[in-house]
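Chain by chain, the residues run as shown.
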Amino acid sequence: MSLLVVGLSHRSAPVSVLERAALTADAQIKLLQDAVAAEPTAEAAVLATCNRIELYADVDKFHAGVAELSTLLAQHCGVGLEELTPYLYVHYEDRAVHHLFSVACGLDSMVVGEGQILGQIKDSLATAQEQHTAGRLLNDLFQQALRVGKRAHSETGIDRAGQSLVTFGLEQLAAGQPVAEWAAGKRALVIGAGSMSSLAAATLARLGVAEIVVANRTFERAEHLAELLVEQHPALIARAVAMDAVPRELTRVDIAVSCTGATGLVLTAETITAALAGPVPAAVGAQVSDLRAPDGSLVARLAAAAARDGRIVEGHDVTHEGHEACPVGLDAAGHADSLDLHGSWADNGSALEREAGVVKSKGPRPGATHSGVRLALLDLAMPRDIDAGVHRISGAHLVDIESLAEASADAPMAADVDMVRAIVAAEVAAFGAAQRAAHITPTVVALRTMAADVVDSEVARLRGRLPDLDARQQAEVVQTVRRVVDKLLHAPTVRVKQLASEPGGAGYADALRTLFDLDPETVAAVSKADTAEIKKKGRA
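Since we're looking at a predicted model, the values are computed, not measured.

## Regarding the sheet that holds strand β1 (residues 2-9)
Strands sit in the order β2-β3-β1-β4 across an open sheet of four strands; the sheet is antiparallel. Sheet topology places β2 (41-49) and β4 (89-92) at the edges, where each strand pairs with a single neighbour. Taking the axes of each pair of neighbouring strands and ignoring which way they run, one obtains an average angle of 15° across the sheet. Where β1 lies against strand β3 (residues 52-59), eight bridges are found, and the strand directions are antiparallel. For Ser-2, the partnering residue across the bridge sits in β3 and is Val-59. The strands that helix α2 (residues 25-37) touches are β2 and β3; relative to β2, the one it contacts most, it runs at about 160°.

Dropping the structure here:
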């Protein structure tokens, strides 16, 4: 059996193709099951991230394996094989090992040196183990890849060569400004509560944003993430909201980061346009109750300022019996939920708000910069969460996987990358040697099995010829014969494993089978035992 990987990534395919080929969690599991059920494949694992989709397999035929894996990828990605083929790459044996080790070290990442890929490799292995599609080869390969990745990060400065995709994305949003300075004091909305979204929230908190709102389809997960953020950053305001609250939250935040597993758009261009047309939010920490007049009426306070100046505020019906009808554009809690309020305040808002004492954020509204950006959006999902049309909306600055890919092409490489490449090369050689030595194991096992059968046969004949030997004497004779056989086999079997581990050592297994006239079926039976068990469990 031999290691084969077929895949596509940001280096081989445009983001538009990667987006269409993205695999859901269910599709990944079905792909694994179908892969091990295929004739040329004994084991399988899928590595799917926001910028790569790769299928690793242990196959018995190269060309049949490439054809089968490519077809399965196309079927489960939902992209036609003819369309997908030009973007696929194939790595075999040592080159496949080198590729995964490079991926684990962050050398093949969109942001060189990022460490999040290690968690994704770990998750891929765990899924293959849960589905019983990973056998000896892929278990050894992925576990060693994790060790190589950790070694690269601990022994070199590869971390200085890059950062996480989240940090890189935020740096692109900051547009040359120090990212900590750019983020400090801002409000942020994080959509999703998975690993990437959690990393985004933690990064934003560390950079000093004043408030983080977490939205997720499962509210409990959003609430749990918000609680963790507050525990780690006591000065931070963090809270959870349901997904249907996202449009309202967008009217009051400076930054929005989205990374969900949704198959459709989470934020459309229309949603962003409406959010940008919404009212300018008050400063962080200023609750609606803080902005109300002593009688509890925010509108009365604004209306009084307008009356003194001979102006009116349209769209409001202020009652006089201790109650206030909701202004157009405000819900019962005083939140801006429509665009009418913004329209009525557009001309008079600044002066009226100053007279009314409404506290506002320093400078322009959310994320405002010298370039007029009011809402900064980071889309880390594949397929995309945020409509690409947002790029054309004035006041919005969208950074997505496609723009990150373009920006990363110009990112500087650190000198530590050369050290990591040297580590990868050495580890690939060591892994190859270990695997080549392991390939001869079935032959060695078959040889020792044959020797044991010969010993048992001769001992049985000896007992027939010497029936007067007592049990102690028979045991001593048996032990002596077995020791002789073991000593005779020890040196050649140890040496053949050493020779087999060297480049070109595959022929030693054939030589051993020929010299000792080993039954090929016996050797094959040892090799097929694990494969049969994997396929059996994979179908269960």
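## So, the packing of helix α9 (residues 165-174) against helix α18 (residues 401-408)
Following both chains from N to C, one finds α9 and α18 inclined at 85°, their axes separated by 11 Å at the closest point. By the angle between their axes, α9 is roughly perpendicular relative to α18. Within the contact between the two elements, α9 uses Leu-165, Phe-168, Gly-169 and Gln-172 and α18 uses Ile-401, Leu-404, Ala-407 and Ser-408. When grouped by side-chain class, the residues that make up the contact of α9 with α18 number five nonpolar, three polar and no charged.

## Let's talk about the pattern of salt bridges
Summed over all chains, the structure comprises 22 salt bridges. Its salt-bridge partner being Asp-418, residue Arg-421 comes within 3.5 Å of it at the nearest N-O pair. In this pair, Arg-421 and Asp-418 are both assigned in helix α19 (residues 416-439), three residues apart and thus about one turn of the helix distant. Under the relative-accessibility criterion, Arg-421 is labelled partly exposed at 45%. One connected set of salt bridges, linked through shared partners, spans Arg-187, Glu-211, Arg-239, Glu-249 and Arg-252.

## A few points about unusual backbone geometry
The omega torsion across Met-382 and Pro-383 is 5°, close enough to zero to call that bond cis. Within the secondary structure layout, Pro-383 lies in the loop between β9 (375-379) and β10 (396-399). Despite not being glycine, Ala-175 shows a phi value in the positive range, around 55°. Within the fold, Ala-175 resides in the loop between α9 and α10 (179-183).

## Thoughts on the environment of Gly-192
Inspection of the secondary structure puts Gly-192 in the loop between β5 (187-191) and α11 (195-207). Classification of Gly-192 by relative accessible area gives buried; the value is 2%. Sequence separation of Gly-192 and Asn-216 is 24 residues, and the distance between their C-alpha atoms is 4.8 Å. Discounting residues that sit within four places of it in the chain, Gly-192 has contacts with Ser-197, Val-214, Ala-215, Asn-216, Leu-225, Cys-259 and Thr-260.

## As for the sheet that holds β10
Strand-to-strand pairing in sheets goes through backbone hydrogen bonds, with the strands running parallel or antiparallel. On the basis of which strands lie adjacent, the open sheet formed by six strands has the order β7-β6-β5-β8-β9-β10 and parallel pairing. The open sheet has two edge strands with one neighbour each: β7 (237-241) and β10. Averaged over all adjacent pairs, the angle separating strand axes in this sheet is 15°, with direction ignored. Bridge count between β5 and strand β8 (residues 255-258): four bridges; the pairing is parallel. In the strand pairing of β8, Ile-191 is matched with Ser-258.

## Observations concerning the pairing of β1
The element β1 is extensively covered by neighbouring structure, given that eight of its eight residues are classed as buried. Side chains Ser-2, Leu-4, Val-6 and Leu-8 project from β1 onto one buried face, and the interleaved Leu-3, Val-5, Gly-7 and Ser-9 project onto a second face that is buried too.

Reading the values: the criteria
Residues numbered from 1 in each chain as written. Predicted model: local features only at pLDDT ≥ 70, side-chain atom pairs only at ≥ 80, totals over all residues. Heavy atoms only, no water. Pairing = 2+ DSSP bridges. Helix = DSSP H or I, 4+ residues; strand = E, 2+ residues; numbered from the N terminus. Axes fitted to C-alpha atoms, helices over the stretch in contact; angles between N-to-C directions. Contact = heavy atoms within 4.5 Å. Parallel < 35°, antiparallel > 145°, perpendicular 65-115°, else oblique. Nonpolar A, V, L, I, M, F, W, Y, C, P; charged D, E, K, R; others polar. Salt bridge = Lys/Arg side-chain N within 4 Å of Asp/Glu carboxyl O. Buried < 20%, exposed > 50% of the residue type's maximum accessible area, 1.4 Å probe, protein only.

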